[in-house]
Amino acid sequence: MDKIWTEMNDAAKADLNERRITPYVTAGEVSAAILSKSGEIYTGVCIDTCSTLGICAGRNAIFNMVTNGEQEIDKVLCVLPDGSNDAPGGACRESGIDGTTYAE
């Protein structure tokens, strides 16, 4: 794993923190890191609800990036509950981001 992927992995793992927020909401089972085209790393965690109105870690990281004034993504990495890496799910891949590199 090259340096930037290692930095993204470390940032995402730092946010990985499974917890129950209410009897119906959990958070932090999966985390994600996004490298913007400017070189900044943004992270997010999943938030799961019993009504399926939660948000995946990848989209949460995207929202964090957009909130901070950026909109171009270079790389995306997700960290699963066991600490292994994976590519983001369908909603993130369907965002129409050309040229994005995903961790596999």
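Counting restarts for each chain: residues are numbered from 1 in the order of the written sequence. Only residues with pLDDT of at least 70 are given local features in this predicted model, and only at 80 or more are side-chain atom pairs given and counted; all residues enter the totals for whole chains, interfaces and linings. Side-chain metrics in this entry use all non-hydrogen atoms of the structure; hydrogen atoms and water are not considered.

Draft legend 1. Representation of the overall build of the chain within the structure. In this text, helices come from DSSP runs of H or I with a minimum length of four residues, and strands from runs of E with a minimum of two, each type numbered from the N-terminal end. When its secondary structure is counted, the chain shows three helices and six strands. Ordered by position from N to C terminus, the α and β elements of the chain give α-β-β-β-α-β-β-α-β. Taking all contacts inside the chain whose residues are at least 6 apart in sequence as the whole, residues at least 24 apart take part in 52%. Each accessible area is a Shrake-Rupley estimate made with a 1.4 Å probe; only the visible protein chains count as cover when residues are assessed. Carbon and sulfur atoms make up 49% of the accessible area of the chain, which amounts to about 5800 Å² in all. Contacts: residue pairs with any heavy atoms within 4.5 Å of one another.

Draft legend 2. Inspection of the state of the cysteines at higher detail. Here, two cysteine sulfur atoms that lie within 2.5 Å of each other are counted as a disulfide. In total, this model carries zero disulfides according to the counting rule given. Not part of a disulfide, Cys46 finds its nearest cysteine sulfur in Cys56, a span of 8.5 Å. Judged by its relative accessible area of 5%, Cys46 falls in the buried class. When a residue's accessible area, from a 1.4 Å probe over protein chains only, is under 20% of the maximum for its type it is buried; when over 50% it is exposed; and in between it is partly exposed.

Draft legend 3. Structural detail: the pattern of salt bridges. Just to be clear on terms, a salt bridge is a Lys or Arg side-chain nitrogen sitting within 4 Å of an Asp or Glu carboxyl oxygen. Tallied over the full model, the rule gives three salt bridges. Between Asp74 and Lys37 there is a salt bridge whose closest N-O contact spans 3.7 Å. Of the two residues, Asp74 sits in strand E4 (residues 73–79) while Lys37 sits in the loop between strand E2 (25–36) and strand E3 (41–49), which places them 37 residues apart along the sequence. Lys37 sits in the partly exposed class, given a relative accessible area of 44%. A salt bridge links Lys75 to Asp74, with the shortest nitrogen-to-oxygen separation between them at 3.8 Å. Assessed through its relative accessible area of 15%, Lys75 is described here as buried. The network of salt bridges with common partners includes Lys37, Asp74 and Lys75.

Draft legend 4. Fine view of the side chain of Thr43. Topologically, Thr43 is positioned in strand E3. We call two N or O atoms a polar contact when they sit within 3.5 Å, provided that within protein one can donate a hydrogen and the other can accept it, with sequence-adjacent residues counted only if both atoms are side-chain atoms. Of note is the side chain of Thr43, whose polar atom sits 2.4 Å from the side chain of Asp15. Non-local contacts of Thr43, meaning those with residues more than four positions away in its chain, are made with Ala11, Ala12, Asp15, Ala32, Ala33, Asn60, Ala61 and Asn64.

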